[in-house]
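In case you want the letters, here they are:
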Amino acid sequence: MAAAVAADAQVGFFPISEISSYHSKWVIKARVTAKGQLRSFNSKNGQAMQVFDCSLLDESGEIRASFFGELASKYFNLLEQGKVFTFSRGGCKIANRQYNRCNHRYELVFDRDGLVEPATDDGNIETVRFNFVDLRTVQSKTLPCSVDICGIIVKSRPFVAFTSKNGKELVKRDLTIADDTATSMEIAIWGDRAKQEDKVFEGNPVVCLKGISVKEFKGGRNGSLEQAGAMVFDSTLPDAERVRQWWKASGGQASFTSLSLAQEGVTDLATLQTKALPCTVELCGVVVNFKPSFAFTSQAGKDLVKREIVVADHTGLSMQVTLWGDRAQQEDKVFDGGALVLLQGVLVKEWNGGRSGSLLEAGSLIFSPTTPEAEKVRLWWSTGGSSQSLTALSQEGAGGASARLAAGRACSVAEMRRAAELVSTQPEVFCVISRLALVQMKKQGEIQPLMYMACQESKAGSSLPCNKRVGEDGFCPACGRAGKAAPRMNIRCRFSDHSDSAWLTTFHEAAQGVLGITAEQAMAIESGENGREALEAAIRRRYFQHPLQVSVRAKMDMYNGEQRTNITCFDARPVSYGQQGRTMLKSIKEMLEQQAKATLALSTAAA
């Protein structure tokens, strides 16, 4: 390389590595390794201008160059990526690290008299030069940053085409890249690179990526290949060969630490209970319950397989976690018998007033881990945890033969009303055993609607229905179109027990549980022979008939600039007489024990 640089210097070419503000007259011979788009902007005086940038490489180094105004229009089509040119009559300034991904301290500017001419390609200049950083080093870099990576494609997802918020048509493919530090990261590639055939990414090929923009995403680190970057397969560089040999020797069977997941370590369920949602965490616990795997087709037409498990840890709490794909399809026996698991990359969201998790595709499921956290959970389970009553963070969830899961804090209606007055913006959940006393049919003499038509079209980027109210013509303002719609209930119910009564807004799923009919059945009754009267009669027949387990969510909200407590019923179902009987017997036992202690204390005092 030194000889080549010297040869260029002899014919008048200035080495890129020597460019600085101290040298004003130079001619460089370089290859265009990357070129950005031609962009338009307005200058400070309001004049319309154009600009594009490119990366220039010679035997000594690489530097960024920007072309402005007439030179941008003149040279944009001439400068083809991969071709060699001579460059002169440009300016030099300190590199702006916000936009400049080259390692050079300076960058070039061509805005007036710049000259570019085609040059002979003698093969001495590389096509692309990498400055590789291993993924473990990426973990400690300040974000955002730009890096070059050499690794193995361990997972490739099909490319997806979508429209961005600003109306631009985009194509994207997500890759999982791992290297010989046993570390992996999610990287997105775009456009024509993403649209290559799936077989290009199959078989765990080695890939060299130049210009990966790394940013924080949901507590982890994700990369995106810049448009001006480069992607090279089957490289013969020493770094590529090293990674290739590692994969053959042991990498194919290794467990990876994913940078694209939150890196806080294991979070116990008691800590998770107070975390702001949504969040991504790592959990370690015992599988206390699991459901069979279930195959279904999403609204987007995608075939999916899922399995729901309930995980508990030494804090006496449990939470439901959904597994997908191959992880869900494992044999039932691997989850049986109080299996100890480590779940890396669990996305936790609010669901029906509780907290539920979903194992991300980039996450991992490890059975029988040997970490210190795992040993703590194993010891708890073997020394009494298996017979402990558990409190569920998830609204849905049933314990194993030795675990009883509660959906919220059990209390009476009066206790719930008092506690609700003290809640903050963090929601609290209560479980109340009560009966339906009344449904609000009229308001200020006007008939109160009990249901509305809701949009059932899928949300953008999701398989979940929109559920926003549609107009009489079926048009959904949120989706901007008329499509499928279905009735949804929204009623005000008065629930009563021995202590008090409370009016609660009761939404669709809970309302159907309270009334014992679906929204479609309610609409059919209202549209039938006796209309609204028949529907109201059917509802009145439910008053005080059966005890209900009512799940209530209370939180502080803002309404017209004022803070108000928002109390809603999000679930209602018939009481399990057996479970409720055991709960009442336990309360009676505790009451008798307290009375016995009080009697003993009085006797001791009298003596």
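An account of the accompanying structure is given in this report. Keep in mind it's a predicted model, so treat the numbers as computed, not measured.

### Details of the overall build of the chain
Phase 1: Of regular secondary structure, the chain possesses 13 helices and 34 strands.
Phase 2: Against the globule reference of 25 Å for 607 residues, the chain gives a C-alpha radius of gyration of 33 Å, more extended than a compact globule.
Phase 3: C-alpha extents for the chain along the principal axes are approximately 110 × 65 × 50 Å.
Phase 4: Sequence-distant contacts in the chain: of pairs separated by 6 or more residues, those separated by 24 or more amount to 62%.
Phase 5: Taken as a whole, the chain presents about 32700 Å² of accessible surface, with 50% of it coming from carbon and sulfur.
Phase 6: Charge-centre separation for the chain: the mean point of 72 positive side chains lies 4 Å from the mean point of 66 negative side chains.

### Section: unusual backbone geometry
With the exception of glycine, most residues fall at negative phi, and the peptide bonds are largely trans.
Phase 1: Along the chain, L143 connects to P144 via a cis peptide bond; the corresponding omega equals -10°.
Phase 2: With a phi angle near 60°, R89 is a residue other than glycine that sits in the positive phi range.
Phase 3: Inspection of the secondary structure puts R89 in the loop between β5 (84-88) and β6 (91-94).
Phase 4: Note on R89: relative accessible area 58%, which makes it exposed.
Phase 5: Positioned with a positive phi, A182 is a non-glycine residue whose angle comes to about 60°.
Phase 6: Relative to the helices and strands, A182 is located in the loop between β11 (169-179) and β12 (183-190).
Phase 7: Judged by relative accessible area, which is 25%, A182 ranks as partly exposed.

### Some points on the packing of helix α11 (residues 519-526) against helix α12 (residues 531-540)
Phase 1: One way to put it is that α11 packs onto α12 with a least axis distance of 7 Å and a crossing angle of 135°. Viewed along their axes, α11 and α12 adopt a mutual orientation that is oblique. Between α11, through A522, I525 and E526, and α12, the contact on the second element is made entirely by G531, R532, A534 and L535.
Phase 2: Here the residues of the contact of α11 with α12 are counted per class, giving four nonpolar, one polar and two charged.

### Focus: the nonpolar core
Phase 1: Counting residues in each nonpolar core, the largest one holds 35 residues, and the members touching the most others are M416, L436, V439, F495, V514, L515 and I539.
Phase 2: When near neighbours in sequence (up to four residues on either side) are disregarded, V514 contacts L436, C493, F495, T506, R542, L548 and A572.
Phase 3: Counting 23 residues, the second-largest nonpolar core is a separate cluster that includes V305, I309, F335 and V346.

### A few points about the environment of R573
Phase 1: Residue position: R573 is located in strand β34 (residues 562-574).
Phase 2: With relative accessibility at 30%, the residue R573 sits in the partly exposed group.
Phase 3: In this structure, the C-alpha to C-alpha distance between R573 and I153, residues 420 residues apart in sequence, is 48 Å.
Phase 4: Within polar-contact distance, the side chain of R573 engages the side chain of D571 at 2.9 Å.

### Overview of the pairing of β12
Phase 1: For β12, the buried fraction is high: seven of the eight residues fall into the buried class.
Phase 2: Bridge analysis of β11 against β12 gives eight bridges, and the strand direction is antiparallel. Directly across from T176, in β12, lies its bridge partner E186.
Phase 3: Where β11 folds back onto β12 in an antiparallel hairpin, the turn is made up of three residues, including A182, whose phi is positive at roughly 60°.
Phase 4: Bridging between β12 and strand β15 (residues 257-258) involves two bridges; their strand directions are parallel. Of the residues in β15, the one forming a bridge with T183 is T257.
Phase 5: As defined by bridge partners, β12 adjoins strand β14 (residues 220-233) across three bridges and the pair is classed as parallel. Looking at the pairing, E186 lines up with N222 of β14.

Calculation notes
Residues numbered from 1 in each chain as written. Predicted model: local features only at pLDDT ≥ 70, side-chain atom pairs only at ≥ 80, totals over all residues. Heavy atoms only, no water. Helix = DSSP H or I, 4+ residues; strand = E, 2+ residues; numbered from the N terminus. Rg over C-alpha atoms; globule rule 2.2 N^0.38 Å. Contact = heavy atoms within 4.5 Å. Areas by Shrake-Rupley, 256 points an atom, 1.4 Å probe, with all protein chains shown as cover. Lys, Arg positive; Asp, Glu negative; His and termini not counted. Charge placed at Lys NZ, Arg CZ, Asp CG, Glu CD. Buried < 20%, exposed > 50% of the residue type's maximum accessible area, 1.4 Å probe, protein only. Axes fitted to C-alpha atoms, helices over the stretch in contact; angles between N-to-C directions. Parallel < 35°, antiparallel > 145°, perpendicular 65-115°, else oblique. Nonpolar A, V, L, I, M, F, W, Y, C, P; charged D, E, K, R; others polar. Core = buried A, V, L, I, M, F, W, Y, C linked by side-chain atoms within 4.5 Å. Polar contact = N/O pair within 3.5 Å; in protein donor to acceptor, adjacent residues only side chain to side chain. Pairing = 2+ DSSP bridges.

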